[in-house]
Amino acid sequence: MRLKVLLTATSLAVLIFNHAIRAQEKPAPNGKYATVNGLKLYYEESGKGAPFIILHGFSGSASLWKSYVSDYEKHYRVIAVDLPGHARSDYMDTTRVYLHKRAAGYILGLVDQLKLDSVYVMGASSGGFITTYMAILRPEVVKRIIVVDGQVYYSKQTRQIIANCCGDPPGQGMIDRHGKEKALLLRKQFYHFRLLYGDPSFTPDVLASIKAKAFIIHGDNDEIAPLFNALVMHDNIPESHLWVVPNGGHSPTSDPDNQADFVRRTMDFLNGAWDKK
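None of the values given here were measured: they were computed from a predicted structure. (Residues numbered from 1 in each chain as written. Predicted model: local features only at pLDDT ≥ 70, side-chain atom pairs only at ≥ 80, totals over all residues. Heavy atoms only, no water.)

**Observations concerning the packing of aromatic side chains**
And step 1. Inspection of the entire model under this criterion finds 19 aromatic pairs.
And step 2. A centroid spacing of 4.9 Å and a plane angle of 85° characterise the contact between Phe 215 and Trp 274, whose relative ring orientation is edge-to-face. Note that Phe 215 is positioned in strand β8 (residues 213–219) and Trp 274 in the segment after α10 (259–270), a separation of 59 residues in sequence.
And step 3. Looking at Trp 274, the relative accessible area reads 13%, which means it is buried.
And step 4. Following the ring pairs from residue to residue traces out a cluster consisting of Trp 65, Tyr 68, Phe 215, Trp 243, Phe 262, Phe 269 and Trp 274.
And step 5. In this structure, Lys 40 packs its charged tip against the face of Tyr 33, placed 4.8 Å from the ring centre.
And step 6. The ring of Tyr 197 carries Arg 159 above its face, with NZ or CZ at 3.6 Å from the centroid. (Phe/Tyr/Trp six-rings, centres within 6.5 Å; stacked < 30°, edge-to-face > 60°. Helix = DSSP H or I, 4+ residues; strand = E, 2+ residues; numbered from the N terminus. Buried < 20%, exposed > 50% of the residue type's maximum accessible area, 1.4 Å probe, protein only. Lys NZ or Arg CZ within 6 Å of the ring centre and 35° of its normal.)

As structure tokens, then:
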């Protein structure tokens with residue numbers, strides 16, 4: 001099933017470094033910590049129903065999804081996580097190189113700590129990589145995935161954009177969000193993605209092994225994650241739907257004007273309305 005709907009473009013710079021969240025984030029009233037293999041993970045939990053884990057993009061935080069949670073928590077047990085090495089979560093056991101596959105292992109460790117037999121997972125950008133890895137690593141647990149502006153590998157175009165835009169020190173927004181030390185490391189890690197090979201690396205045969213039902217959402221003029229990534233995922237994941245966002249940049253979740261449509265379509269997918277009868 002292929003869906004198209006008009007959404008406005010969003011700036012790459014806004015997505016990566018300028019999420020509109022308050023300075024120096026503190027734990028929310030529903031914030032919790034879990035220690036997974038020695039790493040303290042922060043997450044916010046609300047609602048009841050099937051567990052629904054949501055993952056932000058690189059250099060963001062769980063607050064990226066704040067305005068969406070009020071809709072999802074009416075139907076699901078929403079678990080919004082600060083990725084390892086981000087905001088209120090501890091550093092991952094890596095320095096210059098940030099490995100999404102390793103991060104996926106920690107999120108799966110959280111799933112085990114919470115004693116969840118099955119989960120739905122949604123991730124944007126780097127969170128989409130981690131979502132995909134989770135579905136590959138634990139197919140018996142991850143039942144539905146939503147991947148927003150994910151990638152199957154870093155293309156030459158992606159590497160060049162990172163090289164051109166991201167070699168400078170972090171801006172004040174990142175420092176306010178993560179603290180200076182962590183922001184400096186995240187910036188260096190993001191800049192290193194221009195040299196990183198093998199993470200992500202989702203070849204057609206690996207994608208074909210995914211058992212979860214998938215919803216792939218992608219902007220048609222996404223510069224940092226070209227559209228071919230979504231097409232490869234949709235063509236090879238056995239049970240997948242594709243929503244190509246006309247004139248969409250890197251992440252339709254960033255535009256408040258799109259929120260109602262985004263929530264409606266993702267909810268339709270999650271509740272099984274699109275499943276083959």
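**Remarks on helix α9 (residues 228–236)**
And step 1. Those residues of α9 not exposed but buried are Asn 229, Ala 230, Met 233 and His 234. Along α9, the residues classed as buried sweep out an arc of 125° about the axis, all on the same side. (Arc of directions from axis to C-beta.)

No statement about biological role is implied by the geometric values presented.
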